[in-house]
Amino acid sequence: MRKKIVAGNWKMNKTFTEADDLLFEIKEIISENPINGVELVVCPPAPFLELATDVAEEVDIHVGAQNVSSFSKGAYTGEISAEMLESIEVEYCIVGHSERRKFFGETNADVAKKVEQLLEFSITPIVCCGENLEEREAGNHFDVVRNHIEEGLFHLNEIEIQQVVIAYEPVWAIGTGKNATSEQAQEMHSYIRKLLLEKYGNEVAESISILYGGSCNAKNAFQLFANIDVDGGLIGGASLKAAEFIEIANSF
Ligand code: PEP
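The following paragraphs examine the structure supplied in this document. (Residues numbered from 1 in each chain as written. Predicted model: local features only at pLDDT ≥ 70, side-chain atom pairs only at ≥ 80, totals over all residues. Heavy atoms only, no water.)

1. Notes on a negative patch on the surface
Operational definition: Residues enter a patch when their relative accessible area is above 30% and they make no salt bridge; the linking distance is 9 Å between like charges and 5 Å between nonpolar side chains (Val, Leu, Ile, Met, Phe, Trp, Tyr). Each accessible area value is a Shrake-Rupley result obtained with a 1.4 Å probe; residue values ignore everything except the protein chains displayed when judging cover. Whenever Lys or Arg places a side-chain nitrogen within 4 Å of a carboxyl oxygen from Asp or Glu, that contact is recorded as a salt bridge. Only four residue types enter the charge count, namely Lys and Arg as positive and Asp and Glu as negative; His and the chain termini do not. For the purpose of locating charges, the reference atoms are NZ of Lys, CZ of Arg, CG of Asp and CD of Glu. A helix here means a DSSP run of H or I that spans at least four residues, while a strand means a run of E at least two residues long, and both kinds are numbered starting from the N terminus.
Among the surface-exposed residues, Glu50, Asp54, Glu57, Glu83, Glu86, Glu89, Glu91, Glu116 and Glu120 lie close enough to one another that they form a single negatively charged patch. For the negative patch, the secondary structure elements donating two or more residues are helix H2 (49-56), helix H3 (82-87) and helix H5 (108-120). Along the chain, Glu83 falls in helix H3.

Shown next as C-alpha coordinates:
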(Lines give C-alpha, C1' and ligand atoms only; values in the text may rest on other atoms or scores of the structure.)
Protein backbone atom coordinates (compact mmCIF):
# COMPACT_ATOMS: atom_id res chain seq x y z
CA MET A 1 0.00 0.00 0.00
CA ARG A 2 1.34 3.42 -0.88
CA LYS A 3 2.31 5.85 1.87
CA LYS A 4 0.22 8.81 2.96
CA ILE A 5 2.51 11.79 3.37
CA VAL A 6 2.06 15.36 4.53
CA ALA A 7 5.18 17.46 3.93
CA GLY A 8 5.72 21.05 5.02
CA ASN A 9 7.73 23.28 2.74
CA TRP A 10 8.86 26.17 4.90
CA LYS A 11 10.51 27.88 1.91
CA MET A 12 12.81 30.80 2.90
CA ASN A 13 11.07 31.53 6.19
CA LYS A 14 12.07 31.51 9.88
CA THR A 15 15.18 32.50 11.80
CA PHE A 16 17.04 29.96 13.91
CA THR A 17 14.97 30.76 17.01
CA GLU A 18 11.70 30.72 15.11
CA ALA A 19 12.57 27.41 13.48
CA ASP A 20 13.47 25.97 16.85
CA ASP A 21 10.14 27.18 18.29
CA LEU A 22 8.11 25.72 15.41
CA LEU A 23 9.84 22.35 15.70
CA PHE A 24 9.29 22.39 19.46
CA GLU A 25 5.57 23.06 18.99
CA ILE A 26 5.26 20.25 16.44
CA LYS A 27 7.06 17.93 18.86
CA GLU A 28 4.79 18.92 21.74
CA ILE A 29 1.60 18.36 19.75
CA ILE A 30 2.51 14.98 18.32
CA SER A 31 4.01 13.69 21.56
CA GLU A 32 0.57 14.11 23.10
CA ASN A 33 -1.43 13.04 20.04
CA PRO A 34 0.58 10.88 17.67
CA ILE A 35 -0.46 10.96 14.03
CA ASN A 36 -1.55 7.59 12.75
CA GLY A 37 -0.79 6.21 9.32
CA VAL A 38 0.64 9.41 7.88
CA GLU A 39 4.29 10.25 7.38
CA LEU A 40 4.87 13.81 8.60
CA VAL A 41 7.77 15.54 6.84
CA VAL A 42 9.21 18.96 7.63
CA CYS A 43 11.35 20.73 5.03
CA PRO A 44 13.05 23.67 6.74
CA PRO A 45 15.71 25.88 5.14
CA ALA A 46 19.12 24.19 4.92
CA PRO A 47 20.71 25.89 7.99
CA PHE A 48 17.98 24.39 10.20
CA LEU A 49 17.97 20.83 8.86
CA GLU A 50 20.01 19.51 11.75
CA LEU A 51 17.69 21.13 14.28
CA ALA A 52 14.93 19.13 12.62
CA THR A 53 16.85 15.87 12.43
CA ASP A 54 17.53 16.20 16.17
CA VAL A 55 13.78 16.46 16.78
CA ALA A 56 13.22 13.49 14.47
CA GLU A 57 15.24 11.40 16.91
CA GLU A 58 12.70 12.16 19.62
CA VAL A 59 9.33 12.05 17.83
CA ASP A 60 7.94 10.53 14.67
CA ILE A 61 8.72 13.17 12.09
CA HIS A 62 10.86 12.97 8.96
CA VAL A 63 13.10 15.65 7.57
CA GLY A 64 13.35 16.91 4.02
CA ALA A 65 15.55 19.47 2.29
CA GLN A 66 14.17 21.99 -0.20
CA ASN A 67 16.89 21.58 -2.78
CA VAL A 68 20.00 19.59 -3.66
CA SER A 69 22.86 20.05 -6.10
CA SER A 70 22.81 18.22 -9.40
CA PHE A 71 26.56 17.67 -8.90
CA SER A 72 28.04 15.13 -6.55
CA LYS A 73 30.90 17.13 -4.95
CA GLY A 74 33.72 19.59 -5.51
CA ALA A 75 34.10 23.15 -6.77
CA TYR A 76 30.47 24.23 -6.83
CA THR A 77 30.36 27.14 -4.39
CA GLY A 78 27.12 27.44 -2.48
CA GLU A 79 25.80 24.03 -3.43
CA ILE A 80 24.69 21.26 -1.05
CA SER A 81 25.18 17.67 -2.16
CA ALA A 82 22.96 14.66 -1.64
CA GLU A 83 25.80 13.03 0.26
CA MET A 84 25.88 15.96 2.70
CA LEU A 85 22.13 15.67 3.23
CA GLU A 86 22.42 11.96 3.84
CA SER A 87 25.23 12.54 6.34
CA ILE A 88 22.83 14.52 8.56
CA GLU A 89 20.02 12.01 8.15
CA VAL A 90 17.81 13.95 5.78
CA GLU A 91 15.31 11.49 4.26
CA TYR A 92 13.43 13.58 1.69
CA CYS A 93 14.21 16.41 -0.71
CA ILE A 94 11.89 18.61 -2.77
CA VAL A 95 12.97 18.80 -6.41
CA GLY A 96 11.69 20.95 -9.27
CA HIS A 97 9.47 23.21 -7.19
CA SER A 98 7.90 25.86 -9.44
CA GLU A 99 9.73 28.59 -7.51
CA ARG A 100 13.04 26.95 -8.36
CA ARG A 101 11.98 26.58 -11.98
CA LYS A 102 10.87 30.24 -12.13
CA PHE A 103 13.54 32.08 -10.12
CA PHE A 104 16.55 29.80 -10.57
CA GLY A 105 15.96 28.41 -14.05
CA GLU A 106 15.68 24.80 -12.90
CA THR A 107 14.84 22.62 -15.90
CA ASN A 108 13.47 19.11 -16.29
CA ALA A 109 17.03 18.02 -17.12
CA ASP A 110 18.24 19.44 -13.78
CA VAL A 111 15.37 17.67 -12.03
CA ALA A 112 16.42 14.39 -13.65
CA LYS A 113 20.02 14.82 -12.43
CA LYS A 114 18.99 15.86 -8.91
CA VAL A 115 16.72 12.85 -8.60
CA GLU A 116 19.63 10.59 -9.56
CA GLN A 117 21.88 12.22 -6.97
CA LEU A 118 19.28 11.74 -4.26
CA LEU A 119 18.53 8.13 -5.11
CA GLU A 120 22.22 7.32 -4.95
CA PHE A 121 22.06 8.30 -1.27
CA SER A 122 18.66 6.75 -0.59
CA ILE A 123 16.96 10.12 -0.12
CA THR A 124 13.36 10.25 -1.35
CA PRO A 125 12.87 12.95 -3.97
CA ILE A 126 9.54 14.81 -3.81
CA VAL A 127 9.33 15.81 -7.45
CA CYS A 128 7.04 18.74 -8.23
CA CYS A 129 5.11 19.18 -11.43
CA GLY A 130 2.29 21.49 -12.42
CA GLU A 131 1.04 24.03 -14.90
CA ASN A 132 0.76 27.80 -14.61
CA LEU A 133 -2.47 29.72 -15.09
CA GLU A 134 -1.84 30.54 -18.73
CA GLU A 135 -1.17 26.89 -19.50
CA ARG A 136 -4.36 25.78 -17.74
CA GLU A 137 -6.46 28.43 -19.44
CA ALA A 138 -5.05 27.34 -22.81
CA GLY A 139 -6.02 23.74 -21.95
CA ASN A 140 -2.37 22.61 -21.97
CA HIS A 141 -2.16 21.48 -18.34
CA PHE A 142 -2.00 17.75 -19.09
CA ASP A 143 0.77 18.25 -21.66
CA VAL A 144 2.81 20.40 -19.28
CA VAL A 145 2.56 17.88 -16.47
CA ARG A 146 3.34 14.98 -18.83
CA ASN A 147 6.44 16.83 -19.94
CA HIS A 148 7.59 17.41 -16.35
CA ILE A 149 7.08 13.74 -15.51
CA GLU A 150 8.54 12.25 -18.70
CA GLU A 151 11.65 14.45 -18.78
CA GLY A 152 12.21 14.58 -15.02
CA LEU A 153 11.49 10.97 -14.12
CA PHE A 154 11.14 8.54 -16.98
CA HIS A 155 14.87 7.85 -17.21
CA LEU A 156 14.43 5.86 -13.97
CA ASN A 157 13.99 2.13 -13.96
CA GLU A 158 11.13 0.26 -12.31
CA ILE A 159 12.88 -0.02 -8.95
CA GLU A 160 14.09 3.59 -8.86
CA ILE A 161 10.76 5.17 -9.75
CA GLN A 162 9.17 3.48 -6.74
CA GLN A 163 11.51 5.45 -4.48
CA VAL A 164 10.09 8.74 -5.73
CA VAL A 165 7.17 10.81 -4.45
CA ILE A 166 5.40 13.09 -6.92
CA ALA A 167 3.75 16.38 -5.95
CA TYR A 168 1.19 17.91 -8.29
CA GLU A 169 1.34 21.64 -7.62
CA PRO A 170 -0.61 23.85 -10.01
CA VAL A 171 1.41 27.07 -10.00
CA TRP A 172 -1.75 29.20 -9.97
CA ALA A 173 -2.67 27.62 -6.63
CA ILE A 174 0.67 28.13 -4.87
CA GLY A 175 0.55 30.85 -2.24
CA THR A 176 -2.58 32.36 -3.83
CA GLY A 177 -5.26 31.09 -1.46
CA LYS A 178 -6.98 29.57 -4.51
CA ASN A 179 -6.58 25.79 -4.26
CA ALA A 180 -7.43 23.37 -7.04
CA THR A 181 -10.88 21.91 -6.53
CA SER A 182 -11.10 18.37 -5.32
CA GLU A 183 -12.18 17.33 -8.84
CA GLN A 184 -9.30 19.16 -10.53
CA ALA A 185 -6.81 17.53 -8.17
CA GLN A 186 -8.23 14.02 -8.66
CA GLU A 187 -8.36 14.48 -12.43
CA MET A 188 -4.66 15.39 -12.63
CA HIS A 189 -3.54 12.82 -10.07
CA SER A 190 -5.28 10.02 -11.93
CA TYR A 191 -3.72 11.29 -15.17
CA ILE A 192 -0.26 11.15 -13.55
CA ARG A 193 -0.97 7.63 -12.31
CA LYS A 194 -2.03 6.65 -15.82
CA LEU A 195 1.28 7.94 -17.20
CA LEU A 196 3.09 5.84 -14.60
CA LEU A 197 0.96 2.82 -15.46
CA GLU A 198 1.68 3.13 -19.19
CA LYS A 199 5.41 3.35 -18.56
CA TYR A 200 5.91 1.01 -15.59
CA GLY A 201 2.77 -1.08 -15.24
CA ASN A 202 -0.09 -1.09 -12.76
CA GLU A 203 1.70 -2.47 -9.71
CA VAL A 204 4.39 0.22 -9.85
CA ALA A 205 1.89 3.01 -10.60
CA GLU A 206 -0.24 1.98 -7.63
CA SER A 207 2.75 2.05 -5.29
CA ILE A 208 3.76 5.67 -5.89
CA SER A 209 2.50 8.43 -3.59
CA ILE A 210 1.18 11.51 -5.38
CA LEU A 211 0.76 14.58 -3.18
CA TYR A 212 -1.30 17.68 -3.87
CA GLY A 213 0.19 21.13 -3.24
CA GLY A 214 -1.20 24.63 -3.66
CA SER A 215 -3.03 26.58 -0.93
CA CYS A 216 -3.87 23.37 0.89
CA ASN A 217 -4.92 24.18 4.45
CA ALA A 218 -6.83 22.79 7.43
CA LYS A 219 -10.13 23.80 5.82
CA ASN A 220 -9.74 22.12 2.43
CA ALA A 221 -7.35 19.23 3.17
CA PHE A 222 -10.07 16.75 4.09
CA GLN A 223 -11.85 17.12 0.75
CA LEU A 224 -8.65 17.04 -1.26
CA PHE A 225 -7.26 14.00 0.59
CA ALA A 226 -10.54 12.10 0.20
CA ASN A 227 -9.70 11.48 -3.45
CA ILE A 228 -8.52 8.02 -4.36
CA ASP A 229 -5.38 9.24 -6.12
CA VAL A 230 -4.42 11.96 -3.65
CA ASP A 231 -2.00 10.48 -1.12
CA GLY A 232 -1.35 13.60 0.91
CA GLY A 233 -0.08 17.12 0.54
CA LEU A 234 2.91 19.36 0.06
CA ILE A 235 2.04 22.32 2.25
CA GLY A 236 3.62 25.77 2.05
CA GLY A 237 2.13 28.63 4.07
CA ALA A 238 -0.02 26.44 6.29
CA SER A 239 3.02 24.41 7.41
CA LEU A 240 4.43 27.43 9.21
CA LYS A 241 1.93 27.08 12.05
CA ALA A 242 2.34 23.87 14.04
CA ALA A 243 -1.33 23.36 14.96
CA GLU A 244 -2.62 23.86 11.42
CA PHE A 245 0.09 21.68 9.91
CA ILE A 246 -0.78 18.83 12.26
CA GLU A 247 -4.49 19.34 11.63
CA ILE A 248 -3.80 18.91 7.91
CA ALA A 249 -1.93 15.69 8.62
CA ASN A 250 -4.96 14.47 10.55
CA SER A 251 -7.30 15.20 7.64
CA PHE A 252 -7.48 11.74 6.09
C1 PEP B 1 4.37 25.06 -2.03
O2 PEP B 1 5.04 26.05 -2.24
O3 PEP B 1 4.85 23.92 -2.17
C4 PEP B 1 2.99 25.26 -1.61
C5 PEP B 1 2.16 24.27 -1.74
O6 PEP B 1 2.67 26.50 -1.10
P7 PEP B 1 1.27 26.96 -0.48
O8 PEP B 1 0.73 25.85 0.34
O9 PEP B 1 1.62 28.16 0.34
O10 PEP B 1 0.37 27.29 -1.63
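So, next bit.
2. A word on the pairing of strand E8 (residues 232-235)
The following threshold applies: Under the scheme applied here, a residue whose accessible area is under 20% of the maximum for its type counts as buried, over 50% as exposed, and between as partly exposed, the area being computed with a 1.4 Å probe on protein chains only. A pair of strands is considered paired only if DSSP assigns at least 2 bridges between the two.
The alternating pattern of E8 places Gly232 and Leu234 and Gly233 and Ile235 on opposite faces, both of which are buried. Here 4 bridges tie strand E1 (residues 5-9) to E8, and the two strands are oriented parallel to one another. Directly across from Val6, in E8, lies its bridge partner Gly233. Two elements, strand E7 (residues 210-213) and E8, share 2 bridges in a ladder whose sense is parallel. Each bridged residue has a counterpart across the sheet, and for Tyr212 the counterpart in E8 is Gly233.

3. Some details on the packing of helix H1 (residues 16-32) against H2
The cut-off we apply is this: Here an axis means a line fitted to C-alpha atoms, over the contact stretch when the element is a helix, while the angle between two N-to-C directions is reported on a 0 to 180 degree scale. Roughly parallel means an angle under 35 degrees; roughly antiparallel, over 145; roughly perpendicular, 65 to 115; everything else is oblique. Each crossing is labelled by how the near helix is turned from the far one, with a counterclockwise turn of less than a right angle marking it left-handed and a clockwise turn marking it right-handed. Contact criterion: two residues are considered in contact whenever any of their non-hydrogen atoms come within 4.5 Å of each other.
Axis separation between H1 and H2 bottoms out at 10 Å; the angle between their running directions is 20°. One way to sum up the angle between H1 and H2 is to call them roughly parallel. In this structure, H1 crosses over H2, and the sense of that crossing is right-handed. Note on element contacts: H2 touches H1 through Leu51, Ala52 and Val55, opposite Phe16, Ala19, Asp20, Leu23 and Lys27.

4. Focus on the pattern of salt bridges
A complete count under the given rule lists 14 salt bridges for this structure. The residue Arg136 makes a salt bridge to Glu131 at a minimum N-O spacing of 2.7 Å. By the burial criterion, Arg136 is buried, and Glu131 matches it. With a closest N to O distance of 2.5 Å, Arg193 and Asp229 form a salt bridge. Here Arg193, found in helix H9 (residues 182-200), pairs with Asp229, found in the loop between helix H11 (221-225) and E8; they are 36 residues apart in sequence, far enough to count as distant. Neither residue differs from the other here; Arg193 and Asp229 are each classed as buried. Here the residues in one salt-bridge network are Arg2, Arg193, Glu206, Asp229 and Asp231, joined through shared partners.

5. Observations regarding the sheet that holds strand E3 (residues 62-65)
Reading around the barrel, the 8 strands line up as E1-E2-E3-E4-E5-E6-E7-E8 and close back on themselves, with parallel pairing between neighbours. The mean angle between the axes of side-by-side strands here comes to 25°, regardless of whether they run parallel or antiparallel.

6. As for the site of the ligand
Convention followed: In this text, near means that some heavy atom of the residue lies within 4 Å of the molecule or strand in question. Within 3.5 Å is the distance limit for a polar contact, defined as a pair of N or O atoms, with the added protein rule that one can donate a hydrogen and the other accept it, and that residues adjacent in sequence qualify only through two side-chain atoms. We call Asp, Glu, Lys and Arg charged. Ala, Val, Leu, Ile, Met, Phe, Trp, Tyr, Cys and Pro are nonpolar, and the rest, Gly among them, are polar.
Lining the immediate surroundings of the ligand are 14 residues, of which Lys11, His97, Glu169, Gly175 and Ser215 lie closest. Residue Gly236 places a main-chain N or O atom 2.8 Å away from an oxygen atom belonging to the ligand. Here the ligand, which alone exposes 290 Å², has 95% of that area covered by the protein. When the residues that make up the shell around the ligand are grouped by side-chain class, the tally is 4 nonpolar, 8 polar and 2 charged.

7. Considering the pairing of E7
Every second residue of E7 is oriented toward a common face, with Ile210 and Tyr212 on one face and Leu211 and Gly213 on the other, all of them buried. Pairing geometry for strand E6 (residues 165-168) and E7, over 3 bridges, is parallel. Among the inter-strand pairings, Tyr168 is bridged to a residue of E7, identified as Tyr212.

8. With respect to H2
Every buried residue of H2 is listed here: Leu49, Leu51, Ala52, Thr53 and Val55. Those residues of H2 that are buried are in contact with H1, strand E2 (39-43), E3 and H3.

9. Describing unusual backbone geometry
A positive phi angle, close to 55°, is found at Lys11, a residue other than glycine. Counting through the fold element by element, Lys11 comes out in the loop between E1 and H1. Positive phi is not limited to glycine here, since Ser122 has a value of about 55°. Checked against the element boundaries, Ser122 lands in the loop between H5 and strand E5 (124-129). For Ser122, a relative accessible area of 65% corresponds to the exposed category.

10. Quick look at the nonpolar core
So the rule is basically this: Residues belong to one nonpolar core when they are buried, are Ala, Val, Leu, Ile, Met, Phe, Trp, Tyr or Cys, and are joined through side-chain atoms within 4.5 Å.
By size, the foremost hydrophobic cluster in this structure holds 71 residues, and its most contacted members are Ile26, Leu40, Leu153, Ile166, Ile192 and Leu196. The greatest single-element share of this core, amounting to 7 residues, is contributed by H9. Dropping the residues within four chain positions of it, Ile192 is found in contact with Cys129, Val145, Ile149, Ile166, Tyr168 and Ile210. Listed in part, the 12 residues of the second largest apolar core include Tyr92, Val165, Ala167 and Leu234.

Any link to function would need more than the numbers given here.
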